[in-house]
Every structure is written in structure tokens, then in C-alpha cells.
Protein chains: 2
Amino acid sequence: MEGEPTRIMLAVNQSTIKGYPHASISSSRAFEWTLQKIVRSNTSGFKFLFLHVQVPDEDGFDDVDSIFASPDDFKDLKQRDNARGLQLLEFFVNRCHEIGVACEAWLKKGDPTEVICLEVKRVQPDFLVVGSRGIGRFKRVFVGTVSEFCAKHAECPVITVKRTVDETPEDHVDD
Amino acid sequence: MEGEPTRIMLAVNQSTIKGYPHASISSSRAFEWTLQKIVRSNTSGFKFLFLHVQVPDEDGFDDVDSIFASPDDFKDLKQRDNARGLQLLEFFVNRCHEIGVACEAWLKKGDPTEVICLEVKRVQPDFLVVGSRGIGRFKRVFVGTVSEFCAKHAECPVITVKRTVDETPEDHVDD
């Protein structure tokens, strides 16, 4: 029954509390859950595909007070953003390396929901894992959730993993 | 990383085309997919929990032309319904036995969406797998889908597995 490993795409993002390079609680949770409940001891049977989608606006926000005097300043900014995203991916790649599970990781920019679905189409993983903050019905109206959109629109099976109660910060929007 | 096996609940139903004891295309697909992509060769790492929810109205429909002359006739009917449901479960239990994966299977009556979510609460599987006909947006309005409801409301991670294109009957509502 072995052969080609099962390719698991995992969409990861940074913590809204600690920022880069820290992974969000829901990303870490989704990853650890997948290792524990699906990969288990069968490390050669699976391959992780980590995708981090950077939201251009969100990143730009930190740079409101920066001064841009030349085209190179923008180039530097772009490089710094990339570096931050790569540091996030490094966390997951290192963890896989420790455990001995194959992986690949890459960065994209854009709207996470749209990019994740496009990347699923392009890369065709066996399934997609997305972490979810598991916020309530009321808040969801305003916040929107990437996980719900992907579960509906991604062209592969999708598993949504919520944070546990004891991992959830006081403000549910934090991650 | 081993220890207690990962408990996978799988909600299964009968074929709308062939009736009992045949499993629906989407149930079979969800099961085979889980074996192939998640269980793989690690048969001792997983345990299947098969739940079949019988819809009382749906079963009664076959008996429109039956004559009920005594309370025992109703009892017979109920026993026959149970027997049909058990035959469906037998298919999945046999398949697990062949492969060497542990399993349990049981019947419930009621509204599938509601009963599945209640059983998840009671049994607390590691995750739930539901098959889906994968019907389009337009038809979904009228048909409703058990998979969508469970993905939203079940208190565990849920993975929805759609039928493949070549398995899908001409009328998408058939299963």
C-alpha cells in the first residue's frame, strides 16, 4: 500500500500577537495535530508542502513610519518581507527535518484564500490542512475565515483543525 | 509517536441507486481514500468507527404497499430495517478485517446531520470523514448536504471527500 507519499499541503501564517517569525497558534496546532494523528510513526509515508501567503497590505502597515527615498528602499522592504516569511517557513522545515518527514515550503503574496485555492489547483496535494481560530458565529461575520473559504472552494479534501481551548488567547481574534 | 490508535469516525450510508446493502459511491470513496492516503501501511495506527444513520421516513417509503395487520408486523418491519443497516455496516467491517485495521460499527436512527454531530460529541473521535456527492452550487440549495453541516458543526476536525469525476453518475443526486 506504500509507494508515493501522501502529499499534505499546510497553509501557515504568522502570529498576530508575536509577529514574524513566530507561527500563529492555529498554524502550529494544525501542524502538530497532523503529525500526531495522521503521520504518526509513518514518517516516510507523508510529505508536507508548506505554503505561506503574505498579505501585502498587512506587511505594509508596519512600515507606515518608514521613509522611502529611493527605489532601493522599496527593494529593501520587499527583501525584508521575504526574509520574514522565510523565517516562518524555516520553523516548519526545521521541525520536519528533526522528525524525518520530507517537506517543501514556499512563499506567495496575495489574498490567502485565493492564493491557497490556486496553489491547490497547481500543486494538487492529496489534501489540505488549515488551522482555524475557531471563533464564534458573531465574530466570524466581521473577521471572515480563510479555513471556511478553503473548505468550500479548494479542489481537494480539506481538513480544518481548530485550536484547543487552553491554547486560545483571551481575545479570540489573536492568533 | 505510536500508542493509542487514531480513531477515525466515518459516516456511511446506502446507495440511492442500488439500495441496501450497497454502500453509496461517496461512502465507499471516502473509505478507500482514507485507507489509501491516511492509513497507508500503518494499519495498527488507526481504528475506524463506522456510523450509519437510518432515516426513518426514507425506509418507510419502501413499505407503502405493505399491509400492517398487527403490532408484530411493525416489529418485523423494524427488524428488517435494522438487518438492512447491519448488512451495510458488514461491508465496511469485512473490508477492515481483510486489511487488518481495527474497527467498530453501529446503527442509529434519526436525522443524519444531527445524529452524526451528537455521536461525535459522545464518542470523541480524532476526526470525522464524510463522503460528499460534490454537487454544484445550484442543486445544493435544494438537496442540502450532510457533509457541509458536519464540517461546520461537528466538534472535531472533519475531512470531506468528494467522489471522483469518473465515479459520478449522470444524475448527480444519485449516489
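Residues numbered from 1 in each chain as written. Chains lettered and ligands numbered in written order. Predicted model: local features only at pLDDT ≥ 70, side-chain atom pairs only at ≥ 80, totals over all residues. Heavy atoms only, no water.

As recorded by an unreviewed UniProt entry, chain A carries the name Universal stress protein A-like protein and is attributed to Cucurbita maxima.

Time to look at the pattern of salt bridges. Residue and element names in this part refer to chain A. Taken as a whole, this structure holds 16 salt bridges over all chains when the rule is applied. Between Lys-121 and Glu-155 there is a salt bridge whose closest N-O contact spans 3.4 Å. Linking Lys-121 in helix 4 (residues 112–123) with Glu-155 in the loop between helix 6 (146–153) and strand 7 (158–162), this pair joins segments that are 34 residues apart in sequence. Each of Glu-32, Arg-95 and Glu-98 takes part in one network of salt bridges that share partners. (Salt bridge = Lys/Arg side-chain N within 4 Å of Asp/Glu carboxyl O. Helix = DSSP H or I, 4+ residues; strand = E, 2+ residues; numbered from the N terminus.)

Looking now at helix 3 (residues 71–99) of chain B. Residue and element names in this part refer to chain B. Taking 1.5 Å as the rise per residue, helix 3 with 29 residues should run 42 Å; its terminal C-alpha atoms sit 43 Å apart, in good agreement. Every buried residue of helix 3 is listed here: Leu-77, Asp-81, Arg-84, Gly-85, Leu-88, Leu-89, Phe-92 and Cys-96. Directly beyond the C-terminal end of helix 3, a positive phi value near 90° is found at Gly-100. (Expected span 1.5 Å × (residues − 1). Buried < 20%, exposed > 50% of the residue type's maximum accessible area, 1.4 Å probe, protein only.)

With that settled, the discussion passes to the interface of chain A and chain B. Across the contact, 29 residues belong to chain A and 29 residues belong to chain B. Buried area between chain A and chain B, both sides added, is near 2,400 Å², and the carbon and sulfur share of it is 52%. Remark: the boundary between chain A and chain B carries two salt bridges. Applying the counting rule to chain A against chain B returns ten residue pairs in polar contact (both at pLDDT 80 or more). When contributions to the side of chain A that touches chain B are tallied by element, the ones reaching two or more residues are helix 1 (25–39), helix 6 and strand 7 of chain A. Counted by class, the side of chain A that touches chain B contains twelve nonpolar, eight polar and nine charged residues. (Contact = heavy atoms within 4.5 Å. Buried area = accessible area lost by both parts, 1.4 Å probe. Polar contact = N/O pair within 3.5 Å; in protein donor to acceptor, adjacent residues only side chain to side chain. Nonpolar A, V, L, I, M, F, W, Y, C, P; charged D, E, K, R; others polar.)

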